[in-house]
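Structural overview
Okay, here's what each chain looks like letter by letter:
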Amino acid sequence: MTLVSDAHVDHGASYRDRGGRRVVDHYGKPERVGKAVRNVVGTIEMGYGILAVTGEDRVDFVDNAVTNRVPDEDGRGAYALLLDPQGGIETDMYVYNAGERLLVFVPPERAEPVREDWSGKTFIQDVEIEDVSDGLGVFGVHGPKSTEKVASVLGGPGAPEEPLTFVRGSMVDAGVTVIATDAPLGEEGYEVVCAVEDAPELFDTLINRGLNAAPFGYRTWDALSLEAGTPLFEYELEGTVPNVLGIRNALDFEKGCYVGQEVVSRVENQGRPSRRLVGLALDGLVDALSGVDGDADPDAVSDRLPDSGAAVFDGDEAIGEVTRAAVGPDSGEPIALALVGFDATLDAVAVRVDGAEVGASRADLPFVDGSARSGRLPTYPGE
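Residues numbered from 1 in each chain as written. Predicted model: local features only at pLDDT ≥ 70, side-chain atom pairs only at ≥ 80, totals over all residues. Heavy atoms only, no water.

Description of the pattern of salt bridges
Scanning all chains against the criterion turns up 22 salt bridges. The partner of Asp-222 in a salt bridge is Arg-16, and the shortest N-O contact between them spans 3.1 Å. In this pair, Asp-222 is assigned in helix H7 (residues 218–227) and Arg-16 in strand S1 (residues 14–18), connecting sequence segments 206 residues apart. For Arg-16, a relative accessible area of 23% puts it in the partly exposed group. Note that Arg-272 is salt-bridged to Asp-343, the shortest N-O span being 2.6 Å. Of the two residues, Arg-272 sits in the loop between helix H10 (261–269) and strand S14 (275–281) while Asp-343 sits in the loop between strand S17 (334–341) and strand S18 (349–353), which places them 71 residues apart along the sequence. (Salt bridge = Lys/Arg side-chain N within 4 Å of Asp/Glu carboxyl O. Helix = DSSP H or I, 4+ residues; strand = E, 2+ residues; numbered from the N terminus. Buried < 20%, exposed > 50% of the residue type's maximum accessible area, 1.4 Å probe, protein only.)

Listed below in structure tokens is the structure:
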């Protein structure tokens with residue numbers, strides 16, 4: 001369930017399931033709202049699962065489990081992964097050092113499995129893991145005016161500047177923690193954390209007080225993050241070896257052993273993975289749906305986007321598959337992310353849509369240059 005359902009209804013929300021949690025899909029006209037986020041600022045209720053890790057050994061315990069270095073300083077965080085023994089991603093996460101505890105933000109469906117797994121591995125270490133998802137609200141604030149938005153309503157310190165650092169303050173009567181994000185939408189961004197009882201007032205503050213912000217849902221989130229070249233857990237990450245996705249900001253190659261490290265190190269030492277994540281412009285889809293005036297109806301394009309898993313062809317050879325597609329809020333054109341063979345040239349390829357093949361071409365990532373660059377933008381050795 002969302003924490004501010006009445007407010008979402010007032011804005012005309014439609015809902016969807018995300019990892020077993022009810023979240024806002026859109027408020028109508030998601031592409032138009034996407035433009036508002038790109039040009040000004042928007043606010044979204046985030047659907048995280050949240051774990052609190054306490055005890056004297058909390059930092060070492062989590063650090064030994066994940067792919068990145070866990071900060072030992074209050075006010076700092078890291079983006080990290082949990083891998084299986086074959087190197088596949090079991091979950092991604094943000095780990096924040098909040099003084100007496102670590103707060104671990106994960107996809108909602110992964111909170112309980114991670115809690116159970118970690119609780120069974122504490123042995124003699126002084127570590128306790130609790131699912132606190134129901135006690136905290138998290139709201140994203142994204143867009144080129146997001147710093148101005150946060151500054152207009154934040155009492156206490158100024159907004160944090162370095163990605164994945166945070167400050168504590170207040171917004172009206174609500175105590176909040178404000179985190180500088182790693183720009184998953186390709187724009188300046190923050191996440192504002194509050195106690196669950198303060199969530200309705202905080203959402204109203206973020207939408208209506210100071211600089212107004214447009215509310216947006218996960219359909220817009222998916223499209224904006226696609227434009228930014230940001231791989232997401234539910235589409236690209238789950239089960240994939242991280243080297244394939246080029247998400248090097250989640251990997252510390254100098255730290256000690258963690259599950260799956262041998263695979264990650266072996267692929268890294270080979271110099272390149274077997275596949276890579278690329279952007280595609282779906283030019284042929286627009287051409288196929290263009291009318292006599294040469295323009296394609298935007299709704300018709302949205303309805304014909306390729307599904308996740310749609311095959312990508314170079315001639316008669318299948319070279320990969322689409323992970324997700326959307327109409328880009330900034331350009332209004334259909335775009336996609338795809339996993340393809342590392343050496344594929346992609347000069348002129350086709351994507352299967354409803355049993356037919358439509359032309360596509362490789363596009364540089366990110367598709368859009370916003371006010372920031374995503375920390376997860378794929379990068380590969382030698383590039």
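Here the narrative resumes, following the displayed structure.
Some points on the pairing of strand S11 (residues 174–180)
Counting buried residues along S11, five of its seven residues qualify, which places the element largely inside the surrounding structure. Note: strand S10 (residues 166–171) against S11, six bridges, orientation antiparallel. Looking at S11, one finds that Ser-170 is bridged to Gly-175. What sits between S10 and S11 in their antiparallel hairpin is a turn of two residues, with Val-172 showing a positive phi close to 55°. Note that S11 and strand S12 (residues 189–195) share five bridges and pair antiparallel. For Ile-179, the partnering residue across the bridge sits in S12 and is Glu-191. (Pairing = 2+ DSSP bridges.)

So, the sheet that holds strand S4 (residues 49–54)
Strand order in the open sheet made by the five strands is S5-S6-S7-S4-S8, with antiparallel pairing throughout. Each having just a single partner strand, strand S5 (76–83) and strand S8 (128–131) make up the two edges of the open sheet. The mean angle between the axes of side-by-side strands here comes to 25°, regardless of whether they run parallel or antiparallel. By the bridge criterion, four bridges tie strand S6 (residues 89–97) to strand S7 (residues 102–106) in an arrangement that is antiparallel. Residue pairing for S7: Val-95 is matched across the bridge by Val-104. Contacts from helix H4 (residues 111–119) reach S4, S5, S6, S7 and S8, with the element oriented near 165° to S8. (Axes fitted to C-alpha atoms, helices over the stretch in contact; angles between N-to-C directions. Contact = heavy atoms within 4.5 Å.)

Let's talk about the nonpolar core
One finds Ile-50, Leu-81, Phe-105, Phe-216, Trp-221 and Leu-237 to be the most contacted residues of the largest nonpolar core, which totals 50 residues. The dominant element in this core, judged by the number of residues it contributes, is H7, at five residues. Non-local contacts of Trp-221, meaning those with residues more than four positions away in its chain, are made with Ile-44, Met-46, His-142, Pro-184, Leu-185, Phe-216 and Leu-232. The next biggest cluster of nonpolar side chains, apart from the first, holds 25 residues, and it includes Val-150, Val-153, Phe-203 and Ile-207. (Core = buried A, V, L, I, M, F, W, Y, C linked by side-chain atoms within 4.5 Å.)

With respect to empty space enclosed by the protein
Overall, the coordinates contain three cavities of 30 Å³ or more when judged by the stated rule. The space that makes up the largest cavity amounts to roughly 240 Å³. Lining the largest cavity are 23 residues; nearest its centre among them are Arg-18, Tyr-48, Asp-92, Tyr-94 and Arg-376. Elements supplying a minimum of two residues to the lining of the largest cavity: S6, S7, H7 and helix H8 (233–237). (1 Å grid on protein atoms, 1.4 Å probe; cavity = no way out; pocket = protein on both sides within 12 Å on 5 of 7 lines; lining within 4 Å. Points joined across faces, edges and corners; volume = space filled by probe spheres on them.)

Details of the UniProt feature "domain: GCVT N-terminal" (unreviewed entry) in the protein
Taking the numbering used here, the UniProt-annotated feature "domain: GCVT N-terminal" (unreviewed entry) corresponds to residues 6–241. The span residues 6–241 is 28% helix and 32% strand, and its two end C-alpha atoms sit 41 Å from each other. (UniProt positions renumbered as here; feature names shortened; annotations may be inferred.)

A few points about the layout of surface pockets
Using a probe with the size of a water molecule, rolled over the atoms, empty space left in the structure can be pinpointed. Looking at the largest pocket, its volume works out to about 910 Å³. Of all the secondary-structure elements, those providing two or more residues to the lining of the largest pocket are helix H2 (30–39), H7, helix H12 (298–303) and strand S16 (317–327). Split into classes, the residues belonging to the lining of the largest pocket amount to 15 nonpolar, five polar and 14 charged. Within this model, the second largest pocket holds a volume of roughly 260 Å³. Lining the second largest pocket are 16 residues, and of these Asn-64, Ala-65, Asp-117, Lys-121 and Val-259 lie nearest its centre. (Nonpolar A, V, L, I, M, F, W, Y, C, P; charged D, E, K, R; others polar.)

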